[in-house]
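An overview of the molecular structure
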Amino acid sequence: MTTGTLITVAPTGAESAKTEVPALPVTLDELLLTAKECAALGAAVIHVHIRDHEARPTLDQGRLRETVAALRESTDLIVQLSTGGAVTDPEADRLAVLDAAPDMASCTMGTVNFGDDVFLNRWEFIVELHTRMQERGIVPEYEIFDLGHLAALQRLLGKYGLPHGGHVHVDFVMGVPGGMPGNAATLVAAQQMLRDLPEGTTFSATGIGRTTIPVMLAALSAGGHLRVGMEDTVTYAKGRPVESNMQLVARAVSLAQLAQRPPLNPGEARQLLGR
Ligand code: KMH
Ligand code: ZN
């Protein structure tokens, strides 16, 4: 059954430099302003990477806790922390992200080439993330960069059981150089593979860079949900840099409305995600 659209904003990421992308929110104040404005437009979830005082990616525990508290105080958004971090982050720091007690956290389902880098996600590490989230009542969003990651998720759930809340939600991150391509045919192939996952599994999709629009349109027509934000693209259209995360959320909201699948509010999103 097709429902409204869950819109997640991923405003910062770990890959773009503030010096090259001045509109990127990197301070807590910038993040909070972005969060409030994106929530007002129709976002229900925020996928958070934080930066240090020099705008470098960090997994600093104090900053993470402060960020979770501040987002909860000033918005109704579901707060999802990234456990992916940057490709250079050690596993121990990535696991410790859960100590900041977010509503949700990302859990990438396998290793993938990531441009010239490797985004390493060993099986034992994935199991540790999944089981710690179960114990602590944190809802995972399983990040799928390649089709094999869905087979890994099937294996994970078969061996270790359902996540907290019992609902499975995945996010197809498409168009990463080294991962699955960002196009409609691949999205449909990924969606077909959800048949092997628990009934009712939902998906969001995001397309990196120039795959943003084809992936967004394909996801909407296939009954999927959307993730948008400057983590995934810093170009709005050919030759036009993104001005703000709000610009990307506003576009997603208008396409969702056009598809007659208007944005879910945070309360509806919590119901959908079992949070
Ligand atoms: N920054 C990427 C290496 C996640 O947030 O869980 C990983 C990433 C995935 O962004
Ligand atoms: Zn991320």
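A few points on the structure. Bear in mind that the values here come from a model prediction, so they are computed numbers and not experimental data.

All right, on to the pattern of salt bridges then. As enumerated under the stated definition, the model contains 12 salt bridges in all. Residue Glu54 is joined to Arg56 by a salt bridge in which the shortest nitrogen-to-oxygen separation is 3.1 Å. A salt bridge links Glu128 to Arg132; the nearest nitrogen and oxygen atoms lie 3.0 Å apart. Here Glu128 and its partner Arg132 are both found in helix α4 (residues 123-136), 4 residues apart, which amounts to about one turn of the helix. On the basis of relative accessible area, Glu128 is assigned to the partly exposed category, the value being 31%. Note on Arg132: relative accessible area 24%, which makes it partly exposed. Shared partners join several salt bridges into a network, and the residues in it are Glu143, Asp171, Arg227, Glu231 and Asp232.

Here the focus is the coordination of the zinc ion (ligand 2). Surrounding the zinc ion (ligand 2) are the protein donor atoms His47 (NE2), His49 (NE2) and Glu231 (OE), which sit 2.1 Å from the metal. Mapping the donors of the zinc ion (ligand 2) onto the primary sequence gives the spacing H-x1-H-x181-E. With a gap of 184 residues between them, His47 in strand β2 (residues 45-48) and Glu231 in the loop between β12 (225-228) and β13 (235-237) connect regions that are remote in the sequence. For Glu231, a relative accessible area of 17% corresponds to the buried category.

This part takes up α4. Owing to its 3.6 residues per turn, the α-helix brings residues three or four apart onto one side. For α4, which comprises 14 residues, the first-to-last C-alpha distance of 20 Å matches the rise-based estimate of 20 Å (1.5 Å per residue) to within 8%. Against α3 (91-96), β6 (104-108), β9 (139-144) and α5 (148-160) lie the buried residues of α4. Remark: Gly137 follows α4 within two positions and exhibits a positive phi of approximately 70°.

Our next topic: the sheet that holds strand β11 (residues 202-207). The parallel closed barrel is built from 8 strands, whose spatial order is β1-β2-β5-β6-β9-β10-β11-β12. Sheet twist, expressed as the mean angle between neighbouring strand axes with direction ignored, is 25°. Across 3 bridges, the pairing between β9 and strand β10 (residues 169-174) is parallel. Its bridge partner being in β10, Ile144 is matched across the sheet by Phe172. Contacting β6 and β9, α4 crosses the sheet at an angle of about 160° to β6. Together, β10 and β11 form the strand contacts of helix α6 (residues 184-193), whose direction differs from that of β10 by roughly 155°.

In summary, soluble globular proteins display a tendency toward joint burial of nonpolar side chains. Core analysis: the biggest nonpolar cluster contains 70 residues, and Met109, Tyr142, Leu153, Val170 and Phe172 have the highest contact counts within it. Among the elements that make up this core, the one with the highest residue count is helix α8 (residues 245-258) (7 residues). Setting aside residues up to four positions removed in sequence, Tyr142 forms contacts with Cys107, Met109, His130, Leu153, Leu156, Leu157, Pro163, Val168, His169, Val170 and Asp171.

Let us look at the packing of α4 against α5. Packing of α4 against α5 brings their axes to within 11 Å, and their N-to-C directions diverge by 50°. By the angle class used here, α4 and α5 are oblique. In the crossing of α4 with α5, the sense of the turn from one axis to the other is right-handed. Residues Trp123, Ile126, Val127, His130, Thr131 and Gln134 of α4 lie in contact with α5, whose contacting residues are Ala152, Arg155, Leu156, Leu157, Lys159 and Tyr160. Split into classes, the residues belonging to the contact of α4 with α5 amount to 7 nonpolar, 3 polar and 2 charged.

What counts and what doesn't
Residues numbered from 1 in each chain as written. Chains lettered and ligands numbered in written order. Predicted model: local features only at pLDDT ≥ 70, side-chain atom pairs only at ≥ 80, totals over all residues. Heavy atoms only, no water. Salt bridge = Lys/Arg side-chain N within 4 Å of Asp/Glu carboxyl O. Helix = DSSP H or I, 4+ residues; strand = E, 2+ residues; numbered from the N terminus. Buried < 20%, exposed > 50% of the residue type's maximum accessible area, 1.4 Å probe, protein only. Donors = N, O, S within 2.8 Å, 3.2 Å for Na, K, Ca; no water. Expected span 1.5 Å × (residues − 1). Contact = heavy atoms within 4.5 Å. Pairing = 2+ DSSP bridges. Axes fitted to C-alpha atoms, helices over the stretch in contact; angles between N-to-C directions. Core = buried A, V, L, I, M, F, W, Y, C linked by side-chain atoms within 4.5 Å. Parallel < 35°, antiparallel > 145°, perpendicular 65-115°, else oblique. Left-handed = near helix turned anticlockwise from the far one by under 90°. Nonpolar A, V, L, I, M, F, W, Y, C, P; charged D, E, K, R; others polar.

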